[in-house]
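Listed here are the chains, written in short residue letters.
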Amino acid sequence: MKRYAYYLSCINESMTKEVDKSIELWQKDLDIDFVKLHESTCCGGSNLDYVSPKHFALVNGRNIALAEKLGLDLVTSCNTCLLTIRSAKKKLDESEALRDEVNGILQKESLEYKGTSEVRHLLWVLNEDVGLDKISEKVKVPLTNYKIAPFYGCHILRPSTILGKDDPLEPTSLDKLVEALGGKVIPYEHKNKCCGFHTLLVAEEESLSVAAEALGEAIEFSADFIVTPCPLCHTVLDSYQAKALKRANIKKSIPVFHLSEMVGLALGYTPRQLGIKRHIVT
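In what follows, the accompanying structure is described.

Conventions and cut-offs
Residues numbered from 1 in each chain as written. Predicted model: local features only at pLDDT ≥ 70, side-chain atom pairs only at ≥ 80, totals over all residues. Heavy atoms only, no water. Salt bridge = Lys/Arg side-chain N within 4 Å of Asp/Glu carboxyl O. Helix = DSSP H or I, 4+ residues; strand = E, 2+ residues; numbered from the N terminus. Buried < 20%, exposed > 50% of the residue type's maximum accessible area, 1.4 Å probe, protein only. Polar contact = N/O pair within 3.5 Å; in protein donor to acceptor, adjacent residues only side chain to side chain. Pairing = 2+ DSSP bridges. Axes fitted to C-alpha atoms, helices over the stretch in contact; angles between N-to-C directions. Contact = heavy atoms within 4.5 Å. Lys, Arg positive; Asp, Glu negative; His and termini not counted.

1. Remarks on the pattern of salt bridges
This model, assessed by the stated rule, comprises 17 salt bridges. Residue K28 pairs with D33 through a salt bridge whose shortest N-O separation is 3.8 Å. As a salt-bridge pair, E109 and R62 come within 2.9 Å of each other at their nearest N and O atoms. Of this pair, E109 sits in the loop between α6 (96–106) and β4 (119–121) while R62 sits in helix α4 (residues 53–70); the two residues are 47 residues apart in sequence, bridging distant segments of the chain. The class for E109 is partly exposed, based on a relative accessible area of 41%. On the basis of relative accessible area, R62 is assigned to the buried category, the value being 15%.

2. Details of the environment of Q273
Position of Q273 relative to the elements: it lies in helix α13 (residues 271–274). We classify Q273 as partly exposed; its relative accessible area is 36%. Counting along the chain gives 14 residues from Q273 to L259, while the straight-line C-alpha distance between them is 15 Å. A distance of 2.9 Å separates a polar atom in the side chain of Q273 from the backbone nitrogen of T270.

3. What to know about the pairing of strand β7 (residues 225–228)
The two faces of β7 match: F225 and V227 on one face and I226 and T228 on the other face are all buried. Examined bridge by bridge, strand β5 (residues 147–150) and β7 share three bridges and lie parallel to one another. Paired with A149 across the strands is I226, a residue of β7. Judged from the three bridges that link them, β7 and strand β8 (residues 256–258) form a sheet pairing that is parallel. Each residue of the ladder has a partner; that of I226, found in β8, is V256.

4. Observations concerning the environment of E101
Locating E101 in the fold gives a position in helix α6. Each C-alpha atom of the pair E101 and L58 lies 8.6 Å from the other, and the pair is 43 residues apart in sequence.

5. Observations regarding the sheet that holds strand β1 (residues 2–6)
The strand order across the open sheet built from four strands is β2-β1-β3-β4, with neighbouring strands paired in parallel fashion. Looking at strand neighbours, the two that pair on one side only are β2 (32–36) and β4, the edges of this open sheet. For this sheet, the mean angle separating the axes of adjacent strands, direction not counted, is 40°. Alignment of β1 against strand β3 (residues 74–76), held across two bridges, turns out to be parallel. By the bridge assignment for β3, A5 is matched with L74. Contacts between α4 and the sheet are confined to β1, β2, β3 and β4, with β3 contributing the most and set at about 125° to the helix.

6. A few points about the sheet that holds β7
The strand order β6-β5-β7-β8 describes an open sheet built from four strands, whose pairing is parallel. Two strands lie at the open edges of the sheet, namely β6 (184–185) and β8, each paired on one side alone. Here helix α12 (residues 259–266) sits on the sheet and contacts β5, β7 and β8; the angle it forms with β8, its principal contact strand, is near 85°.

7. Details of the side chain of E217
Here E217 shows up in helix α9 (residues 204–220). No salt bridge is formed by the buried E217. Its closest oppositely charged neighbour is K193, at 7.4 Å. Aside from chain neighbours lying at most four places away, what touches E217 is P187, Y188, E189 and H190.

Here's what the structure looks like:
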């Protein structure tokens, strides 16, 4: 069984609890053990680095050090947490002075950042470690009746200098997972575009316009649902969907699932078990 240190994202702990609930249900089915890092703290999103680079490195160096203490890679199911923590890791790995400064503080907790743990996304673990063939073998309820629109979101693709798994212009990892579960991927041009989440509070009209474009294309192609690896994208595309579509004068709606829920459905768990009842659009 493969073990990982699972980073508890703020968004999952507060608004999208169904993401972690789903993972808890099926992780053993795929021979995975996610050890929750209960002592971890907020990564600071995409803001802390601009306010205080030192605290940005310290907070995320500590999060990684907690995984290193267990001898495990750190895994997150949030795109923004992925980019944020990997950005901090890159800075720490490239600066001995910064590492020394951070470790001088971390030693008060008997922690040390060494740079030995990788920072990875749940999607990468499924594709690379578990493997698509094994996932296909475990499917109990193939998604053959569903046309699915993959929506990657920005922070799992860009910048490629920090992420580097998928081609930002033509990503395929989520598409391949959909197909491994039996689903049909629709030709969805917005799959690598922004959801608008990070401008929602300062430029709502622009944010919802971006979301409406993605939602509208999926509806136009008669997708049964959108799937995303990011709970922040899910929050905009699901919770703000009615508002976004109303502004765009689009009359229909479309469910949005997190990839952990999509995997759970194919592995035989019910929508109720997976927490899909918490969604706004179902």
